[in-house]
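These are the residues of each chain, in order.
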Amino acid sequence: MARGLVLCSQTRTIAKLSFFLSYPKLWFKPHRHHRPCYGPHNIPSARVFCHCVNSQTLNLVDMAKYNEAFSRRMAMAGIKHHNSIALGVSGGPDSMALCVLAASWKTEGLYGVDNSGKFIDGLLAIIVDHGLRSESKDEASLVGNRVSEIGIRCKIVRCDWLNGKPKQGHLQESARDMRYKIFQDVCMQNQISVLLVAHHADDQAELFILRSSRDSGVLGLAGMAFTSQVFSSHTNFCNNDWKNHSVLLVRPLLDFSKEDMYKICQGSNRDWVEDPTNRSPLFARNRIRASLGNLLSGTFNSELQAVISACRRTRIYVDQICNSLIKQSITVMDQGYAVINLKTLNPSKIEDICLSKFITLVLQFVSQRQRPIRGSTSKLLLQYIRTIPCKISLTAAGCYICPAPGSKGFEALVCCSVYCPLPSNAESFRTFSNVEEKHCFSDELEQIIANGRSYSNNNLVTDSSQAQFLDMRSQSVLDEARRLDVISESTYRNIISLQREEVSHFKSKTDEVASGCESKQGTEHIAAFLSEPLLPGQTCYFMNRFIISWKLSKEISSNWFRGEPLSLSYLQGDCHCCCVNEDEMVAKVRTMIDADWLYLAELTKWPHSDNFEATRLPLTARKSMPLLVDDHGRLLSIPSIGFKHCPCMKASTVFKPRVPLGGGHSSFL
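Just so it is clear, the structure is predicted and the values come from calculations on it, not from any experiment. (Residues numbered from 1 in each chain as written. Predicted model: local features only at pLDDT ≥ 70, side-chain atom pairs only at ≥ 80, totals over all residues. Heavy atoms only, no water.)

1. A short note on the pairing of strand β14 (residues 399-403)
Looking at chain direction, strand β13 (residues 394-396) and β14 are connected through three bridges and run antiparallel. Note on β14: the bridge partner recorded for A396 is C399. Here β13 hands over to β14 after two residues, with A397 in that stretch at a positive phi of 50 degrees. (Pairing = 2+ DSSP bridges. Helix = DSSP H or I, 4+ residues; strand = E, 2+ residues; numbered from the N terminus.)

2. Points about the nonpolar core
Counting 86 residues, the largest nonpolar core has F208, C311, I340, L345 and F358 as the members making the most contacts within it. Top contributing element to this core by residue count: helix α9 (residues 298-329), with 12 residues. Looking at this core, you find at least three residues from each of domain 1 (61-109 + 118-164 + 172-201 + 215-278 + 459-465) and domain 2 (533-556 + 575-655). Discounting chain neighbours no more than four positions away, the residues touching C311 are F208, V218, L221, A222, F469 and V477. Grouped together as the second largest cluster of nonpolar side chains are 48 residues, M63, I79, L123 and Y262 included. (Core = buried A, V, L, I, M, F, W, Y, C linked by side-chain atoms within 4.5 Å. Buried < 20%, exposed > 50% of the residue type's maximum accessible area, 1.4 Å probe, protein only. Domains from an automatic or database assignment. Contact = heavy atoms within 4.5 Å.)

3. Concerning the pattern of salt bridges
As enumerated under the stated definition, the model contains 20 salt bridges in all. For the salt bridge of E502 with R214, the shortest nitrogen-to-oxygen distance reads 3.1 Å. In this pair, E502 is assigned in helix α16 (residues 489-503) and R214 in the loop between α5 (201-213) and α6 (218-221), connecting sequence segments 288 residues apart. Classification of E502 by relative accessible area gives buried; the value is 3%. Between R482 and E489 there is a salt bridge, with the nearest N and O atoms lying 3.2 Å from each other. According to the relative accessible area criterion, R482 is partly exposed, its value standing at 29%. Within the structure, one salt-bridge network assembled from shared partners comprises D479, R482, E489 and R493. (Salt bridge = Lys/Arg side-chain N within 4 Å of Asp/Glu carboxyl O.)

4. Let's talk about helix α3 (residues 136-150)
Quick reminder: α-helices carry 3.6 residues per turn. Residues three or four places apart thus point the same way. The terminal C-alpha atoms of α3 lie 22 Å apart, and with 15 residues this matches the ideal 21 Å at 1.5 Å per residue to within 8%. By the burial criterion, the buried members of α3 are S136, E139, A140, V143, G144, R146, V147 and I150. The buried residues of α3 occupy an angular sector of 165 degrees when projected down its axis, which confines them to one face. The outward face of α3, more than 90 degrees from its buried face, is lined by the exposed residues K137, D138 and E149. Within two residues after α3, G151 carries a phi angle of roughly 105 degrees, on the positive side. (Expected span 1.5 Å × (residues − 1). Arc of directions from axis to C-beta.)

5. Looking at the packing of aromatic side chains
Geometrically, a pair of aromatic rings is defined through the distance of the ring centres and the angle of the planes. Per the stated rule, a full pass over the model turns up five aromatic pairs. Ring geometry for F365 against F655: centres 6.1 Å apart, planes inclined by 75 degrees, an arrangement best described as edge-to-face. A residue pair is termed long-range when its members are at least 10 positions apart, and F365 in helix α11 (residues 352-367) and F655 in strand β24 (residues 649-655) qualify at 290 residues. Residues F365 and F655 agree in their burial class; the two are buried. Through successive ring pairs, a cluster of aromatic residues spans F365, F546 and F655. Sitting over the ring of Y66, K65 keeps its end group 4.7 Å from the ring centre. The ring of Y180 is capped by R176, whose NZ or CZ atom sits 4.5 Å from the centre of that ring. (Phe/Tyr/Trp six-rings, centres within 6.5 Å; stacked < 30°, edge-to-face > 60°. Lys NZ or Arg CZ within 6 Å of the ring centre and 35° of its normal.)

6. Considering helix α7 (residues 258-267)
For α7, a buried count of eight out of 10 residues is recorded, marking the element as mostly surrounded by other parts of the structure. Of all the residues in α7, the buried ones are K258, E259, D260, M261, Y262, I264, C265 and Q266. The first or second residue beyond α7 is N269, which carries a positive phi of 55 degrees.

7. A look at the sheet that holds strand β22 (residues 635-638)
One open sheet accounts for four strands, arranged β20-β21-β22-β23; its pairing is antiparallel. Whereas interior strands pair on both sides, the edge strands pair on one side only; in this sheet they are β20 (588-591) and β23 (643-644). Note that strand β21 (residues 626-629) and β22 share two bridges and pair antiparallel. Within the sheet, the bridge partner assigned to V629 lies in β22 and is L635. Helix-sheet contacts for helix α20 (residues 594-603) involve β20, β21, β22 and β23, and the interaxial angle to β22 is about 90 degrees. (Axes fitted to C-alpha atoms, helices over the stretch in contact; angles between N-to-C directions.)

8. Examining the environment of S324
Tracing the backbone shows S324 in helix α9. Distance in space between the C-alpha atoms of S324 and F358 is 9.7 Å, their sequence separation being 34 residues.

9. What to know about the side chain of S136
Relative to the elements of secondary structure, S136 occurs in helix α3. The exposure class of S136 is buried, given its relative accessible area of 8%. Of note is the side chain of S136, whose polar atom sits 3.0 Å from the backbone oxygen of R133. Beyond its immediate stretch of four places on either side in the chain, S136 contacts D129, G131 and R158. (Polar contact = N/O pair within 3.5 Å; in protein donor to acceptor, adjacent residues only side chain to side chain.)

10. Some thoughts on the sheet that holds β13
Across the sheet, five strands lie side by side as β11-β12-β15-β14-β13; this open sheet has antiparallel pairing. Lying at the two open borders of the sheet, with one neighbouring strand each, are β11 (330-332) and β13. The sheet shows a mean angle of 25 degrees between the axes of neighbouring strands, taken without regard to direction. In the sheet, β14 pairs with strand β15 (residues 411-416) via five bridges, with the strands oriented antiparallel. Across the sheet, residue Y400 finds its bridge partner in β15, namely C415.

11. Let's talk about the pairing of strand β6 (residues 153-158)
Where strand β5 (residues 123-129) lies against β6, six bridges are found, and the strand directions are parallel. Note that in β6 the partner of I126 across the bridge is K155. For the crossover from β5 across α3 to β6, the handedness is right-handed. (Right-handed = clockwise from strand over helix to strand, strands pointing away.)

12. Description of the packing of α11 against helix α12 (residues 375-386)
Axis separation between α11 and α12 bottoms out at 10 Å; the angle between their running directions is 100 degrees. In terms of axis orientation, α11 runs roughly perpendicular to α12. Within the contact between the two elements, α11 uses D352, L355, S356, I359 and L363 and α12 uses S378, L381, L382, I385 and R386. A breakdown of the residues in the contact of α11 with α12 according to their chemical character gives six nonpolar, two polar and two charged. (Parallel < 35°, antiparallel > 145°, perpendicular 65-115°, else oblique. Nonpolar A, V, L, I, M, F, W, Y, C, P; charged D, E, K, R; others polar.)

13. Some words on the environment of C322
Within the secondary structure, C322 is located in helix α9. It is 7.6 Å that separates the C-alpha atoms of C322 and L355, two residues lying 33 residues apart in sequence.

14. Digging into the confidence of the model for the protein chain
The predicted model of the protein chain averages 79 in pLDDT, with 74% of residues at 70 or higher. Taken as a whole, residues 1-44 scores under 50 in pLDDT and shows 120 contacts with residues more than four places along the chain or in a different chain. Scored below 50 in pLDDT, residues 557-573 shows 28 contacts in the model against residues more than four places distant or in partner chains. (pLDDT = per-residue confidence, 0-100.)

Quick look at the structure:
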C-alpha cells in the first residue's frame, strides 16, 4: 500500500490519499475538486482512498444549511421520517455526502437506532461490487466499513455477469444497468419503497451538454427527474391483489454542486473514494466533465442551471397535457390492447411535442418496452395520428396500429406487434404471508407518491406561456435562451464550444425504420413464446402483462362422464383434453396464431359450440393474446374469450401490465 499527500488548492484542505499501486508511477497535482490527477496514459486500475484531515485554515462548513436543504427536498418527494429508505452507495464523495445527510435527516426525526444499538433504523446502504477489477471486493468492503461508521447498515452485492463481463465500449452502460437491477432486487427483498441516489447539479450539467450534442429536444434537455417510479422485473401477491413492485427513485441532491459534496464530507469528517475510471477520456461523460471543469463556476454555472430549469418547466407542462389526453381519449381493453378515440383527442389542436409524447406513452404501454421513439419513426407516428379518419395500418416501436373495426377511421387500435421481441419465460409470483400483507410496502409507496403529488399540484405549469421551449431542438433552445436573456453571449458560446467538442467524438447512427417482417421471422417469434410447462394451481406472468393460471375442477372431473355434454374435441374424435391423463396434467403458454382462430371458426359449426364466449375481437389484437396448449402444441384453452376444450378445466387470464399507462409517477421539480 503506497501513501501520499495532495494539497487541495481552493479550500487549503489537506487530503490524505492511500491507493493500491497498480502502475509504476502516478502523477498528482492540485485540483479544484480535490481529485487526484493522473498522466494521460497512466490511469490506475484501483480506486484512490481519500482521508480528510481538517487544517486550522479550513473554513467552517455550514452543515445546518445542507441539512435543511436536504430535508426540504425529502418533503417535496413525499417521504416521511418513518419510511424505510435504501441508498445507492459507491463510496465516492457524492454518495458519502448522501449518507451523511440521510443519516442526519433520519435521526432528526427521532427514529434513532435499531434493536442492535448500532445502526440507524430504516436506512440501508446498497454497495455494488461490479467485479470488473481484482481489487473491487476489498474496496467494496472498505466502503462498507466507512458507511457503517456513519450508522448505516450495509448490503454488499457482487455482480454476476452470466454472459461474461461487458466490453470496454459498453462498460459504463452495462455496469449502470446491472447496478440498478441489484438496487431493485435488494429493495424488494427488504420491502423498501424508496431508493436515494446522489446525482447532483454538476451531473445535470454534464447530461445537458451530452444530450445537446446529440441534438436532443427540450424533454431530453430537462435532464434527470427529481423523482421517478422504477418498475421491477418482479411481481408479487399482496393484500389479495396482484401488484407489480416498484421503487421510487429520488435524487435529493440535484440542487447541490460537486463542490458541495466535498464540503459535506469535510464538514462531517468523512472519507471518500476516488475512482480513476471516472477520468478516462474513453467515456463521453468523462470528456464532458473534464471540459466543464474550468467553467462550472460563477455566471456560467448559474445560467446553465437556469436553462435546465426552464426545460424542466416545459417538461412538466408536457407531462400535464399528456396525462389529461390519456384520461380523455384512451380505452384499455382486457385483451391487452388500447383504443384511441381520435375525435376526442382532436390532434390538430395539440402541439407536436405533446402529441408525440402522448403517442409514445401509449406505444410504450402496449409494447411494455420503455425505449424512446425518435427520428423518422416519431415523424411517421405524428403524421398518422393527425390523419382523420385513419385508413392505413403501420408497425412502429413494437406495436401494430390500425383503424378500429366499425369506427370508420375515427378510432385507432394499438396492439402489441406479433414481431415485438418480449420475454419468453413464465415468471412465478412471490406471495406474502398474512403478517407481511398487513405491512405491504406497495401500500407505503402509494402513500409516498400521494404526498409528493400534493406538493407537485401546487407547482403546476398551467399555461403554455410558462413553457418556454416547446417544439425546440437543442440549438433552438440555446438561441431562444439567449434571446430571452436566460444566458449571456459568453455562456452561449461556451456551451456551443462544448457541444462541438463532443460531437467530434460521436458517430451518428441511422434511425431504425419500421418495416415488414418475413414469414420466417414470424415462425421464430412463435417458437420464442413457448414457455416452460405450467402445472395446475400455478400462476405465471407472461409477456410483462398477463397473469395466467389454471386448474382442474374435481367436482366436474368425477361427474362429467355421467351425461354431461361432450366437448367439441371429443365430438370430432380429436381427444387432447387435459384431464384424460391426470398424472400428466401440464400446460404451456404461447400467443395465438392464425391457425388457432381458424380452428375456432371451424368449431363454431358444430352443435354445442357455446363453450366459449362469442367475441368480435379485432384480428390484430388476437395475435398477442395468450393461450394454453398441451405438450404437443394442441390448443387447450383461450381464457381471454372463455374458450376451453375440457369442461374440467378452469383457466384465467388477467391483463396486468408491468408498467402502467403513462409510465408511473415522476417529477421534474
